[in-house]
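# Chains, contacts and geometry: an overview
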Amino acid sequence: MEIEVREVLDGRREDDPVWALIDELGQSDWVRFTAGFHLSSHLLAAYSPDTLLMGFCRYVVQPIGPDTGCPPITVQGQAVHEAKILAFGVPERWRRRGVGTALQRAVIAAAGRKGCHQVRSHSSGENVENHQLKLRLGFAVHPTVRDDDDRGCYFILPLPQRG
């Protein structure tokens, strides 16, 4: 299936189906979340050839470190950046058709163009399909415990560095 991934450029509009899907999948808090160390924020949407909305992904570009309470990681005095996926959703009716893969690959490509060192995301233990997707794409996995969830994971994909 052909899937087109586009960046959603304007702010929230009540008639925009992307925002209705974000709300439907319970991701609105993560899509709206901002932090002072975010350098940029990007919302991607996936569409079928006949323009049906199939999913979304929101990521931020940020220095590595501050979101965990650590100072920024630097190399030769320059902060090292990452693309961190904060929200990702594909409705059940569109799963297992390549939508999630297309969205994740779009983030990876954009992060590379932006000079990021890595792509990182967290996925709770209940999101087994997302775990499998990330592993298929070559992400490394680091299990973590958050509250009562002892099956969650951080996923990190190092990106090729220029020069």
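Check the entry above for the structure.
Please read all numbers here as calculations on a predicted model, not as lab measurements.

What follows deals with the overall build of the protein chain. Regarding its fold elements, the protein chain presents four helices and nine strands. Taken from N to C terminus, the helices and strands of the protein chain fall in the order β-α-α-β-β-β-β-β-α-β-α-β-β. Its C-alpha radius of gyration of 16 Å places the protein chain within 12% of the 15 Å reference for a compact globule of 163 residues. By the burial criterion, 45% of the 163 residues in the protein chain qualify as buried. Nonlocal contacts in the protein chain, meaning residues at least 24 apart in sequence, comprise 63% of its contacts between residues at least 6 apart. Of the accessible surface of the protein chain, which amounts to about 9200 Å², a share of 51% is contributed by carbon and sulfur atoms.

Let us look at the nonpolar core. Within the largest apolar cluster, 26 residues are counted, with the highest numbers of intra-cluster contacts made by Tyr 59, Val 107 and Val 119. Going through the elements one at a time, strand S2 (40–47), strand S3 (53–63), strand S6 (81–89), helix H3 (99–113) and strand S9 (149–158) are the ones with two or more residues in this core. No other element matches the seven residues that H3 contributes to this core. Not counting residues up to four positions away in its chain, the partners in contact with Val 107 are Leu 44, Cys 57, Tyr 59, Ala 83, Ile 85 and Val 119. Val 8, Leu 43, Ala 45 and Tyr 47 belong to the second largest nonpolar core, which has twelve residues in total.

To continue, consider the state of the cysteines. Throughout the structure, instances matching the rule amount to zero disulfides. The thiol of Cys 57 is unpaired, and the distance to the nearest cysteine sulfur, on Cys 116, comes to 13 Å. Judged by its relative accessible area of 0%, Cys 57 falls in the buried class.

Here we come to the pattern of salt bridges. Side-chain pairing between opposite charges can occur once the charged atoms of the two side chains come close. Taken as a whole and assessed by the stated rule, the structure comprises eight salt bridges. Residues Lys 84 and Asp 67 are paired through a salt bridge, measuring 2.7 Å at the closest nitrogen-oxygen approach. Taken together, the positions of Lys 84 in strand S6 and Asp 67 in the loop between S3 and strand S4 (74–75) put the pair 17 residues apart, joining distant regions of the chain. Each of the salt bridges in this network shares a partner with another, and the network as a whole consists of Asp 67, Glu 82, Lys 84 and Arg 120.

Turning next to H3. Each α-helix turn comprises 3.6 residues. Residues three or four places apart therefore point the same way. A rise of 1.5 Å per residue sets the reference length of H3, with its 15 residues, at 21 Å; its end C-alpha atoms lie 21 Å apart and thus fit the reference within 8%. Within H3 the residues assigned to the buried category are Val 99, Gly 100, Thr 101, Leu 103, Gln 104, Ala 106, Val 107, Ile 108, Ala 110 and Ala 111. At the C-terminal side of H3, Gly 115 shows a positive phi close to 75°.

The subject of this paragraph is unusual backbone geometry. A positive phi angle is found at Gln 76, which is not glycine, with a value near 50°. Structurally, Gln 76 is set in the loop between S4 and strand S5 (78–79). Residue classification places Gln 76 among the exposed residues on the basis of a relative accessible area of 79%. The phi torsion at Arg 96 lies on the positive side, around 60°, for a residue other than glycine. In this structure, Arg 96 sits in the loop between S6 and H3. The class of Arg 96 is exposed, set by a relative accessible area of 61%.

Right, let's talk about the packing of aromatic side chains for a bit. The geometry of an aromatic ring pair is captured by two quantities: the separation of the ring centres and the angle between the planes. The tally for this structure, following the rule as stated, stands at one aromatic pair. Above the plane of the ring of Tyr 47 lies Arg 6, whose end atom (NZ or CZ) is 3.9 Å from the centre. Sitting above the plane of the Phe 139 ring, Lys 134 keeps its charged end 5.7 Å from the centroid.

Conventions adopted
- Residues numbered from 1 in each chain as written.
- Predicted model: local features only at pLDDT ≥ 70, side-chain atom pairs only at ≥ 80, totals over all residues.
- Heavy atoms only, no water.
- Helix = DSSP H or I, 4+ residues; strand = E, 2+ residues; numbered from the N terminus.
- Rg over C-alpha atoms; globule rule 2.2 N^0.38 Å.
- Buried < 20%, exposed > 50% of the residue type's maximum accessible area, 1.4 Å probe, protein only.
- Contact = heavy atoms within 4.5 Å.
- Areas by Shrake-Rupley, 256 points an atom, 1.4 Å probe, with all protein chains shown as cover.
- Core = buried A, V, L, I, M, F, W, Y, C linked by side-chain atoms within 4.5 Å.
- Disulfide = S-S within 2.5 Å.
- Salt bridge = Lys/Arg side-chain N within 4 Å of Asp/Glu carboxyl O.
- Expected span 1.5 Å × (residues − 1).
- Phe/Tyr/Trp six-rings, centres within 6.5 Å; stacked < 30°, edge-to-face > 60°.
- Lys NZ or Arg CZ within 6 Å of the ring centre and 35° of its normal.

As far as function goes, none of this settles anything; it's purely spatial.
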